[in-house]
Structure formats: structure tokens, C-alpha cells
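# Architecture at a glance
Each chain, letter by letter, is given below.
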Amino acid sequence: VWQVINYNHCSFKAKTDTQTMCRNQYNITGMCNKSSCPLANSQYATVLEHEGRLFLYMKTAERAHMPKQLWEKVKLPKNYMKALELVDEHLQYWPKFVVHKCKQRLTKITQYLIRMRRLRLKAQPKLERIHKKREKRDARREIKAERAANLDKAIEKELLDRLRAGTYGDIYNFPRKEYVKVLNREEV
């Protein structure tokens, strides 16, 4: 099986510049080599995490004819030491490479679960998105509004100057309230 997987085609294989990686979820190391390939080995085990709980998955040749039951799933206790003992117990007569890598994976996943719990307990700052498009649009509108306000003030000032100069004479009837308001503002 390994000859076909390694030299022909494997849908889980991902090559980088320096290494060949494996995307199979059951792979212990993440590397594509004969000893850590779950497809090439009839006796294989790995540790996986589902929703914060750890499980030991074991595959044996006796269950190869039943794909549904190919992987035996054993729930590991939350206590790290008890989980290590259970891995030792279940993989007692297995190759040392598989046992060692399962323990390493158990340790790594336990550590990242602890870190996740700690981060969840910490008060995380709520991140808010910056609406660049909206902010730019608002800034443009503010600039236009300022220009319009300055234009309105300039027109108002020019009209007041012309009224004072008597350019229009008595041809206009001004609303009394506004006229008094402008005069009071001019006096101040």
C-alpha cells in the first residue's frame, strides 16, 4: 500500500519546499512517511479532540473488513496522568513509535486545551470593525458641509454689507424678527 501512496497518488499528501505533509485527520505526526501513515499501517492509533474531550482512536487489521467500525474510539479522562495510563494500557503491545507519538499528541492537545480555558476566563477586549468606507464618506460630507456653511456666511456677510451701504434702498421688506436678530448680532 505504501508504494502506491508514496510514489503514485495520495489525496492527503501536501508537499512544501522542504517536507511532505499529510492532511489525514488520523495522522499522528502530520508528516507523510511510512511509519506515520494511517492508510499504509493496518495497526495504528492516534489521539484526537472533539469539543474539548480527548479520544484515543485505534485501528487494527481485524476490523479492516468493516469500514464503519474500523476505528475503535476510547474516551480519555480529563486528568492528564490517568489519560497517559489509559494510553499505556490500551497500547501495551503496540510499536513503541506509535505509543510515543500518541503520548506526545496527548500532551500537546492537553496543553492547548488548558490554554484555551485560560483565554476563555480572561476578559477579552471586544474588537470592533472600523468602517473605512463610512468614515471616508462622512469626512467628505463634513468637508462639503463646511464649505457650504462658509459660503452661506460669506453670502450673508456680503448682503449685510450691501444693506448697510444702501445698495438696495427701500425696495425690500425684511422679516422683522430676523432683521432685529442680525442687527443685535452685529452690535455685539
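Computed from a predicted structure; not experimentally measured.

Turning our eyes to something else, we now look at the pattern of salt bridges. Tallied over the full model, the rule gives 2 salt bridges. E72 is the salt-bridge partner of R63, the closest N and O atoms lying 3.5 Å from each other. Exposure remark for R63: the relative accessible area of 17% places this residue in the buried category. You can call E72 partly exposed: its relative accessible area is 33%.

In terms of burial, strand 4 (residues 53-59) is largely enclosed, as 6 of its 7 residues are buried. Two elements, strand 3 (residues 44-50) and strand 4, share 7 bridges in a ladder whose sense is antiparallel. When the bridges of strand 4 are listed, Y44 appears paired with K59. With 5 bridges joining them, strand 4 and strand 5 (residues 71-75) adopt antiparallel strand pairing. Considered in strand 5, the bridge of M58 is made with E72.

A word on the packing of aromatic side chains. Tallied over the entire structure, the rule returns 3 aromatic pairs. An angle of 10° between the planes, with centres 4.1 Å apart, marks the rings of Y26 and W71 as stacked. Here Y26 is found in the loop between strand 2 (20-22) and strand 3, whereas its partner W71 is found in strand 5, with 45 residues between them in sequence. Of the residues examined, W71 reaches a relative accessible area of 17% and is grouped as buried. Among the aromatic residues, those joined into a cluster by ring pairs are Y26, Y44, Y57 and W71. Note that K73 overlies the ring of F55, its terminal NZ or CZ placed 4.5 Å from the centroid.

As a further point, take the nonpolar core. V47, L56, L76, L91, C102 and L106 are the most contacted members of the largest nonpolar core, which has 27 residues in total. Secondary structure elements with two or more residues in this core: strand 3, strand 4, strand 5, helix 2 (80-90) and helix 3 (96-121). The dominant element in this core, judged by the number of residues it contributes, is helix 3, at 6 residues. If we ignore the near neighbours within four places in the chain, the residues touching C102 are I28, A45, T46, V47, L56, V87 and L91. Counting residues in hydrophobic clusters, the runner-up holds 6 residues, among them W2, C10, C22 and C32.

Judged by side-chain charge, E135, D138, E142 and E146 come together as a negatively charged surface patch. Classification of D138 by relative accessible area gives partly exposed; the value is 33%.

Cut-offs used in this document
Residues numbered from 1 in each chain as written. Predicted model: local features only at pLDDT ≥ 70, side-chain atom pairs only at ≥ 80, totals over all residues. Heavy atoms only, no water. Salt bridge = Lys/Arg side-chain N within 4 Å of Asp/Glu carboxyl O. Buried < 20%, exposed > 50% of the residue type's maximum accessible area, 1.4 Å probe, protein only. Helix = DSSP H or I, 4+ residues; strand = E, 2+ residues; numbered from the N terminus. Pairing = 2+ DSSP bridges. Phe/Tyr/Trp six-rings, centres within 6.5 Å; stacked < 30°, edge-to-face > 60°. Lys NZ or Arg CZ within 6 Å of the ring centre and 35° of its normal. Core = buried A, V, L, I, M, F, W, Y, C linked by side-chain atoms within 4.5 Å. Contact = heavy atoms within 4.5 Å. Patch = residues over 30% accessible without salt bridge, like charges linked within 9 Å, V, L, I, M, F, W, Y side chains within 5 Å. Areas by Shrake-Rupley, 256 points an atom, 1.4 Å probe, with all protein chains shown as cover. Lys, Arg positive; Asp, Glu negative; His and termini not counted. Charge placed at Lys NZ, Arg CZ, Asp CG, Glu CD.

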